[in-house]
Amino acid sequence: MYFDWTWFLIIPALLLGLWAQSHVKSTYNKYATVFSSRGAQAQDVAADILRTEGCQDVRIQPIGGDLTDNYDPSTKILNLSQTVYGSSSLAAIGVAAHEAGHALQHNHGYAPLALRSVMVPAVRIGSAMAWPIFILGLLVSFRPLMDIGIIAFSLAVLFSLVTLPVEFNASRRALRILADGHYLNEEEVLGARSVLRAAALTYVAAALSSILQLVRLLVLRNRR
Ligand SMILES: [Zn+2]
């Protein structure tokens, strides 16, 4: 079972994932050393965007680690990583504006974000249970068990697909506001866009990987 051809199904996704990770790192590093001519720091840009767009109750705080930036809808906290918080680089401002974009989605009741939040607990359980249940079903050749594993895994696939519009939309909002609000000039917006596009690609790679893993599970099940 461990040396079957179905492994080849997930190799393209694995390679794309590795490439996307290194691409986002190198793009980020490149634009982390290019600074905005206005000189505003990322957390101030995010705060200003939130204020201007009517999001008064979001708190912005620094968080440890690299590329750990996120917006938590349950606490309304916008976490900015240590290389973003306090920086006026195009990369930092792009990321901060993207996270502010998630807060705006939340504030405006953007449906895919709401759906994503609702899915989180089920996806967490589904992801943890999917493989153990499936493998158990495979070992005892019991199809219903394999099906339960596949259904549980499908939740993770669905989640990775719902994540795509959420991420694309947050970046689109961010880049529009950065340009329209004159936080960055035209050329600088292109730098921020490169960073956000590279980040988006990692989500595409993750979605592709989960789809191919699901295909692999289906192939393994149907072989029995
Ligand atoms: Zn995001």
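To keep things clear, this report deals only with the structure shown in the data block. Here the structure is a predicted model, which is why all the values come from computation and not from measurement.

The rules behind the values
- Residues numbered from 1 in each chain as written.
- Predicted model: local features only at pLDDT ≥ 70, side-chain atom pairs only at ≥ 80, totals over all residues.
- Helix = DSSP H or I, 4+ residues; strand = E, 2+ residues; numbered from the N terminus.
- Buried ≥ 20, exposed ≤ 12 C-beta atoms within 10 Å, placed from the backbone.
- Core = buried A, V, L, I, M, F, W, Y, C linked by C-beta atoms within 7 Å.
- Contact = placed C-beta atoms within 7 Å.
- Pairing = 2+ DSSP bridges.
- Axes fitted to C-alpha atoms, helices over the stretch in contact; angles between N-to-C directions.
- Expected span 1.5 Å × (residues − 1).
- Parallel < 35°, antiparallel > 145°, perpendicular 65-115°, else oblique.
- Nonpolar A, V, L, I, M, F, W, Y, C, P; charged D, E, K, R; others polar.

1. A word on the overall build of the protein
Thinking step 1. A tally of regular secondary structure across the protein gives 6 helices and 3 strands.
Thinking step 2. When the helices and strands of the protein are placed in sequence order, the string is α-α-β-β-β-α-α-α-α.
Thinking step 3. Projected onto the principal axes, the alpha-carbon positions of the protein cover approximately 65 × 35 × 25 Å.
Thinking step 4. For the protein, buried positions account for 34% of its 224 residues.

2. Brief notes about the nonpolar core
Thinking step 1. One finds Ala46, Ile93, Ala96, Ala97, Ala100 and Leu178 to be the most contacted residues of the largest nonpolar core, which totals 41 residues.
Thinking step 2. Elements with a contribution of two residues or more to this core: α1 (7-31), α2 (42-52), β3 (77-81), α3 (90-107), α5 (143-180) and α6 (186-223).
Thinking step 3. Counting residues per element, this core draws most heavily on α3, which supplies 10 residues.
Thinking step 4. Not counting residues up to four positions away in its chain, the partners in contact with Leu178 are Ile93, Ala97, Tyr183, Leu184, Val189 and Ala192.
Thinking step 5. With 10 residues, the next largest nonpolar core counts Met146, Ala156, Val157 and Phe159 among its residues.

3. Some words on the sheet that holds β3
Thinking step 1. On the basis of which strands lie adjacent, the open sheet formed by 3 strands has the order β1-β3-β2 and mixed pairing. A strand with exactly one partner marks an edge of an open sheet, and here the two such strands are β1 (59-63) and β2 (70-72). Neighbour-to-neighbour, the strand axes of the sheet open up by a mean angle of 25°, direction not taken into account.
Thinking step 2. Along the sheet, α3 makes contact with β2 and β3, crossing β3 at roughly 165°.

4. Comments concerning α3
Thinking step 1. With 18 residues, α3 extends 25 Å from end C-alpha to end C-alpha; this agrees with the ideal 26 Å at 1.5 Å per step.
Thinking step 2. Where α3 terminates, the next one or two residues include Gly109, which has phi positive at roughly 65°.

5. Section: α1
Thinking step 1. Helix length check: α1 (25 residues) gives 36 Å between terminal C-alpha atoms against 36 Å at 1.5 Å per residue, within 8%.
Thinking step 2. When α1 is considered as a whole, its buried residues turn out to be Ala20, Val24, Tyr28 and Tyr31.

6. A look at the packing of α5 against α6
Thinking step 1. In the contact formed by α5 and α6, the axes pass within 9 Å of each other and the chain directions differ by 170°. Compared by their axis directions, α5 and α6 come out roughly antiparallel.
Thinking step 2. Considered class by class, the residues forming the contact of α5 with α6 number 24 nonpolar, 6 polar and 4 charged.

7. What about the environment of Arg124?
Thinking step 1. When you line up the elements, Arg124 lands in helix α4 (residues 111-139).
Thinking step 2. With 13 C-beta atoms packed within 10 Å, Arg124 lands in the partly exposed category.
Thinking step 3. Along the sequence, Arg124 and Ala152 sit 28 residues apart, while their C-alpha atoms lie 9.7 Å from each other.

8. Things to note about the pairing of β3
Moving residue by residue along a regular strand, the side chains alternate between the two faces of the sheet.
Thinking step 1. Counted residue by residue, β3 has 4 buried out of 5 residues, so it is predominantly covered.
Thinking step 2. As judged from the 5 bridges shared by β1 and β3, these two strands associate in the parallel manner. Opposite Pro62, over in β3, you have Leu80 as the bridge partner.
Thinking step 3. Bridge analysis of β2 against β3 gives 3 bridges, and the strand direction is antiparallel. Each bridged residue has a counterpart across the sheet, and for Tyr71 the counterpart in β3 is Leu78.
Thinking step 4. Between β2 and β3, which pair antiparallel and follow one another directly, the connecting turn spans 4 residues, one of which, Lys76, has a positive phi of 55°.

9. A word on the environment of Leu145
Thinking step 1. For Leu145, the position within the fold is in helix α5.
Thinking step 2. Looking at Leu145, the number of C-beta atoms within 10 Å reads 17, which means it is partly exposed.
Thinking step 3. Residues Leu145 and Arg176, spaced 31 residues apart in sequence, show a C-alpha to C-alpha distance of 48 Å.
Thinking step 4. Discounting chain neighbours no more than four positions away, the residues touching Leu145 are Ile133, Leu136 and Gly137.

10. Focus on unusual backbone geometry
Thinking step 1. Positive phi, normally seen in glycine, also occurs at Ser141, with a value near 50°.
Thinking step 2. On the secondary structure map, Ser141 appears in the loop between α4 and α5.
Thinking step 3. Positive phi, normally seen in glycine, also occurs at His182, with a value near 55°.
Thinking step 4. Counting through the fold element by element, His182 comes out in the loop between α5 and α6.

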